[in-house]
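# Coordinate inspection notes
As a plain string of letters, each chain reads:
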Amino acid sequence: VAELQSCWNKFLQKADGRQSAGELIYDAILEAAPRIIIDDFSSPRTVWSSRFLDGLAALITELSDPELLRSRAETMGFSHLSLDVTFSKCELFRDVIVSVIEQELGVAQFPPHCDARKCLNIILNYIAGALLYTNSIFATRVKAIQKSWRQANKKVDEAELIDEE
């Protein structure tokens, strides 16, 4: 955990700060799979990269506290219910994040079999699992509620039109 946190801090320094680090990851995802950015994310680049990096930084900071990490994973799962979360997208995000950190730090500081890299892969897989689990269990329920809400509001709008006539 300490090795990953150290590598993370070095990555942020090499990238010239959090915003720049987030934009590096955003650009790498955009290059690897432009449809994900276009289809799933409506926020501007700077907003998305800032949010993404804040979430990733919080995960890495909270690694030594399992309860906090679990809570963060649950929160992330629920906040991504509106997205089409798939195993292949999670895999792509993980691989891109690891690749960007490797490119910034160099293979010497972030070698393929180092503990920091293994730890990062484990935490990103854990979060992917939380996103996939939450999506599979709750997404259909949320969509049913949203559909019901739209239908109810449509009936209210129709009733208001009738009352106005």
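In every chain, residue numbers begin from 1 and rise along the written sequence. Local features in this predicted model are restricted to residues whose pLDDT is 70 or higher, and side-chain atom pairs enter the listing and the counts only when it is 80 or higher, whereas totals over whole chains, interfaces and linings include all residues. Hydrogens and water are ignored here; the side-chain numbers use all heavy atoms of the structure.

## With respect to the layout of surface pockets
Stated formally: Buried and open spaces are told apart on a 1 Å grid over the protein atoms alone, a cavity being a set of points where a 1.4 Å probe fits but cannot get out and a pocket being an open set with protein on both sides within 12 Å along at least five of seven lines. Residues with an atom within 4 Å of a point are the lining residues. Grid points are joined across faces, edges and corners, and a volume is the space filled by probe spheres set on the points. Helical segments are the DSSP runs of H or I of at least four residues, strand segments are the runs of E of at least two, and each set is numbered from the N terminus.
For the largest pocket, the calculated volume is near 780 Å³. Lining the largest pocket are 30 residues, and of these Phe 41, Phe 52, His 80, Phe 93 and Leu 131 lie nearest its centre. Every element with two or more residues in the lining of the largest pocket is listed here: helix H3 (34-40), helix H4 (45-61), helix H5 (66-79), helix H6 (87-105) and helix H7 (115-164). Counting residues per element, the lining of the largest pocket draws most heavily on H4, at six residues.

## Observations concerning the packing of aromatic side chains
Inclusion rule: Centre distance within 6.5 Å is the pairing criterion for rings of Phe, Tyr and Trp, where only the six-membered ring of Trp is used; planes under 30 degrees apart are then read as stacked, over 60 as edge-to-face, and the remainder as tilted. Exposure categories follow from relative accessible area, calculated using a 1.4 Å probe and restricted to protein chains: below 20% of the type maximum is buried, above 50% is exposed, and the middle band is partly exposed.
Within the structure shown, the criterion is met by five aromatic pairs. Aromatic pair Tyr 26 and Trp 48: ring centres 5.1 Å apart, planes at 65 degrees, arrangement edge-to-face. In this pair, Tyr 26 is assigned in helix H2 (residues 18-32) and Trp 48 in helix H4, connecting sequence segments 22 residues apart. Since its relative accessible area comes to 9%, Tyr 26 is described here as buried. Summarising the aromatic geometry, the rings of Trp 48 and Phe 52 are spaced 4.7 Å apart at their centres and angled 10 degrees between planes, so their arrangement reads as stacked. With Trp 48 and Phe 52 both in helix H4, this residue pair falls four residues apart, about one helical turn. Members of the aromatic cluster, connected to one another through ring pairs, are Tyr 26, Trp 48, Phe 52 and Phe 93.

## As for the nonpolar core
When a protein is soluble and globular, its nonpolar side chains tend to lie buried together. Formally: Side-chain atoms within 4.5 Å link the members of a nonpolar core, which is a set of buried Ala, Val, Leu, Ile, Met, Phe, Trp, Tyr and Cys residues. Residue contacts follow a heavy-atom distance rule, with two residues in contact if any of their heavy atoms lie within 4.5 Å.
Core analysis: the biggest nonpolar cluster contains 44 residues, and Trp 8, Phe 11, Ile 25, Leu 56, Ile 101, Phe 110 and Leu 120 have the highest contact counts within it. Contributions of two or more residues to this core are made by helix H1 (2-14), H2, H4, H5, H6 and H7. By residue number, the principal contributor to this core is H7, which donates nine residues. The contacts of Phe 110, once residues within four sequence positions are left out, are Cys 7, Val 98, Ile 101, Glu 102, Leu 105, Ala 116, Arg 117 and Leu 120.

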